[in-house]
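Understanding the architecture of this molecule
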Amino acid sequence: MKQNPLIQLGNIPVQFGTLSSIYKEHSSPVKKISALEKDGQLIKLKKGLYVVSELVSGKPIDARLCANHIYGPSYVSFQWALRWYGLIPEQVHTMTSATTKHSRTFDNTLGRFSYTQVPLSYFHIGVKCITDGDISCLMATPEKALCDTILTDRYIPSRSTIGLHRYLEEDIRFDMESLAGFNTEIIRECADAGRKTVILNNLIKIIKG
């Protein structure tokens, strides 16, 4: 029995053109791809971008990797990253990312993917490549994810350390004990980028006690 050609793609998101080249011998590659989507073998992430179903590839779909591919340049951050690191208790159902492009939201069968614009000069700070098995994706460090959350949240009680402490502990229910292991240099770089400098410097003061 002939092997399903989609297996070779694994769980890496692929462009429509790549799929078309696989089925170029078909009378209509477009119809073939559409049929594979309806059959559940392909999952459409956005127009022109797909990922092979886990039932076909045998590999789990990684939402972080999909997020990197759906809209870029981008990295996973904000509440989703904070939850992934175990820093906030609430479940986060939207995959949240930062981008240098305009803010956008994409909905597909995997869920909602939200992208928030940040300045180019600030974008690269505190971003690392996370490798899980054969998957690598761009993701904020815990420090950057917290800075991103603070910088884009319109509600911060005050510019004082007391107000910030209350925001962290009561509003986003942040694990305050984890701050002891935070790299303040990343936060300082974010502060030096010129956005909510006073508040981020207050965060450093809270960490250093």
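Here's a quick rundown of the structure. Residue positions are given per chain, counted from 1 along the sequence in the order it is written. Reporting of local features is limited, given that this is a predicted model, to residues whose pLDDT is at least 70; pairs of side-chain atoms are given and counted only at 80 or more, and all residues count toward the totals for whole chains, interfaces and linings. With hydrogens and water set aside, each side-chain value is computed from the structure's full complement of heavy atoms.

Considering the pattern of salt bridges
For clarity, the cut-off: One speaks of a salt bridge when a side-chain nitrogen belonging to Lys or Arg is within 4 Å of a carboxyl oxygen belonging to Asp or Glu. Partly exposed describes any residue whose relative accessible area lies between the buried limit of under 20% and the exposed limit of over 50%, with all areas from a 1.4 Å probe on protein chains only and scaled to the type maximum. Secondary structure elements are defined from DSSP: runs of H or I of at least 4 residues count as helices, runs of E of at least 2 residues count as strands, and each element is numbered from the N terminus.
Per the stated rule, a full pass over the model turns up five salt bridges. Across the pair Arg64 and Asp62 runs a salt bridge, and its minimum N-O distance is 2.8 Å. With a relative accessible area of 15%, Asp62 lands in the buried category. Note that Asp132 is salt-bridged to Arg64, the shortest N-O span being 2.6 Å. Highlighted residues: Asp132 in strand β8 (residues 127-132) and Arg64 in helix α4 (residues 63-70), separated in sequence by 68 residues. When salt bridges that share partners are traced, they join Asp62, Arg64 and Asp132 into one network.

With respect to the packing of aromatic side chains
The description of two aromatic rings rests on the distance between their centres and on the angle between their planes. The criterion, for reference: Geometry of aromatic contacts follows a simple scheme: Phe, Tyr and Trp rings, the Trp one being its six-membered ring, pair when their centres are within 6.5 Å, and the pair is stacked under 30 degrees between planes, edge-to-face over 60, tilted otherwise. We call a charge positioned above a ring when the Lys NZ or Arg CZ atom is no farther than 6 Å from the ring centre and deviates by at most 35 degrees from the ring normal.
Using the criterion set out here, one finds six aromatic pairs in the structure. Centroid distance Tyr71 to Phe106: 5.5 Å. Interplanar angle 50°. Geometry classified as tilted. Taken together, the residues span a long stretch of sequence, with Tyr71 in the loop between α4 and β4 (74-76) and Phe106 in strand β6 (residues 104-108) at a distance of 35 residues. The two residues Tyr71 and Phe106 agree in class, both being buried. One cation-aromatic arrangement involves Lys144 over Tyr122; the distance from NZ or CZ to the ring centre is 4.4 Å.

What is shown is where atoms sit, not what they do.
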